Amino acid sequence: PDHPDDAPRMVGVTSDRLLSLVASDPVVSELLGAARSGVPDTLDVMIPEAMRPLFVGALVASTDRTVLVATSTYREAEAITESLSSLVGEQQVAYYPAWETLPHERLSPRSDTVGRRLDVLRRLAGTSELPAPRVVVAPVRALLQPQVRGLGQLRPVRLAVGDEVDPADV
């Protein structure tokens, strides 16, 4: 630029401003109103892939209800989890993974998968030190897999080096 006034101006766009812009669209605004009212109890919305994190972020900002995002694949679930974490905050988003094994396979799921699932259930049940997530993202396979009722109510066993504990108590 020949003159300082001709210099490019830097403008910051925060995620809050971006989500407000998305929420101001008339169709999105109508959907958000339906979600806030709780009627219907389930909102099934088809949105282009690139807009999904923005719509869910606007939904989270407009309601105090927990939002469940069901995706068709693991990859899609992981991608939207990452995008939503940057929009609404990492602690607000929880990824609920599916087991890597099929029910007829006589294999146990990986321990980290079991741990991640339990962590999400405990957060939702209020038995975790972490707050309940505002958004749970899960591939549809994770939602279809059976789970034992009350799992989120279980408290983890905590042992420290040097503790002497009767195995029956553990």
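Structure first, text after, so check above.
Residues numbered from 1 in each chain as written. Predicted model: local features only at pLDDT ≥ 70, side-chain atom pairs only at ≥ 80, totals over all residues. Heavy atoms only, no water.

A. Highlighting the pairing of strand 3 (residues 135-139). Burial of strand 3 is extensive: five of the five residues sit out of reach of the surface. Residues of strand 3 alternate between two faces, with Val 135, Val 137 and Pro 139 on one and Val 136 and Ala 138 on the opposite face, all of them buried. Pairing geometry for strand 2 (residues 93-95) and strand 3, over three bridges, is parallel. Each residue of the ladder has a partner; that of Tyr 95, found in strand 3, is Val 137. (Buried < 20%, exposed > 50% of the residue type's maximum accessible area, 1.4 Å probe, protein only. Helix = DSSP H or I, 4+ residues; strand = E, 2+ residues; numbered from the N terminus. Pairing = 2+ DSSP bridges.)

B. Just the sheet that holds strand 1 (residues 67-71), in detail. Sheet architecture is open: three strands sit in the order 1-3-2, paired in parallel fashion. Each of the sheet's edge strands pairs with one partner strand only, and the pair in question is strand 1 and strand 2. When the angles between neighbouring strand axes are averaged without regard to direction, this sheet yields 20 degrees. Packing against the sheet, helix 5 (residues 111-125) makes contact with strand 2 and strand 3, and its axis sits at approximately 140 degrees to strand 2. (Axes fitted to C-alpha atoms, helices over the stretch in contact; angles between N-to-C directions. Contact = heavy atoms within 4.5 Å.)

C. Geometry of the layout of surface pockets. Roughly 740 Å³ of internal volume is contained in the largest pocket. Leu 43, Val 45, Leu 68, Val 69 and Ala 70 are, among the 24 residues lining the largest pocket, the residues nearest its centre. At the level of secondary structure, the elements contributing two or more residues to the lining of the largest pocket comprise helix 3 (52-62), strand 1 and helix 4 (74-88). Sorting elements by how many residues they give to the lining of the largest pocket places strand 1 first, with five residues. Within the lining of the largest pocket, the residues separate by chemical class into 14 nonpolar, five polar and five charged. (1 Å grid on protein atoms, 1.4 Å probe; cavity = no way out; pocket = protein on both sides within 12 Å on 5 of 7 lines; lining within 4 Å. Points joined across faces, edges and corners; volume = space filled by probe spheres on them. Nonpolar A, V, L, I, M, F, W, Y, C, P; charged D, E, K, R; others polar.)

D. Broad picture of the nonpolar core. Of all hydrophobic cores here, the largest spans 23 residues; its most connected members are Val 56, Val 67, Val 69, Leu 84, Val 135 and Val 137. Those elements that provide at least two residues to this core are helix 1 (15-23), helix 2 (26-37), helix 3, strand 1, helix 4, strand 2 and strand 3. Considering each element in turn, this core owes the most residues, six residues, to helix 3. Aside from chain neighbours lying at most four places away, what touches Val 56 is Val 67, Val 69, Leu 84 and Val 135. Tyr 96, Val 120, Leu 121 and Ala 138 belong to the second-largest nonpolar core, a separate cluster that totals eight residues. (Core = buried A, V, L, I, M, F, W, Y, C linked by side-chain atoms within 4.5 Å.)

E. Up close: the environment of Gly 38. In this fold, Gly 38 is placed in the loop between helix 2 and helix 3. Put simply, Gly 38 and Arg 65 are 27 residues apart on the chain and 9.0 Å apart in space, counted from C-alpha to C-alpha.

F. Seen up close, a nonpolar patch on the surface. A cluster of nonpolar side chains, Val 157, Leu 159, Val 165 and Val 170, forms an exposed patch at the surface whose accessible area comes to about 360 Å². Following the sequence through the fold, Leu 159 ends up in the segment after helix 6 (140-144). Leu 159 gets classed as exposed once you look at its relative accessible area, which sits at 57%. (Patch = residues over 30% accessible without salt bridge, like charges linked within 9 Å, V, L, I, M, F, W, Y side chains within 5 Å. Areas by Shrake-Rupley, 256 points an atom, 1.4 Å probe, with all protein chains shown as cover. Salt bridge = Lys/Arg side-chain N within 4 Å of Asp/Glu carboxyl O.)

G. Summary view of the packing of helix 2 against helix 3. Interhelical geometry of helix 2 versus helix 3 gives an angle of 45 degrees and a closest axis separation of 10 Å. One finds that helix 2 runs oblique with respect to helix 3. Relative to helix 3, the crossing made by helix 2 is right-handed. Contacts between helix 2 and helix 3 involve Val 28, Leu 31, Leu 32, Ala 35 and Arg 36 from the first element and Phe 55, Ala 58, Leu 59 and Ser 62 from the second. Looking at side-chain class alone, the contact of helix 2 with helix 3 contains seven nonpolar, one polar and one charged residues. (Parallel < 35°, antiparallel > 145°, perpendicular 65-115°, else oblique. Left-handed = near helix turned anticlockwise from the far one by under 90°.)

H. Highlighting the pairing of strand 1. The alternating pattern of strand 1 places Val 67, Val 69 and Thr 71 on a buried face and Leu 68 and Ala 70 on a face that is not buried. Pairing geometry for strand 1 and strand 3, over five bridges, is parallel. By the bridge assignment for strand 3, Val 69 is matched with Val 137.

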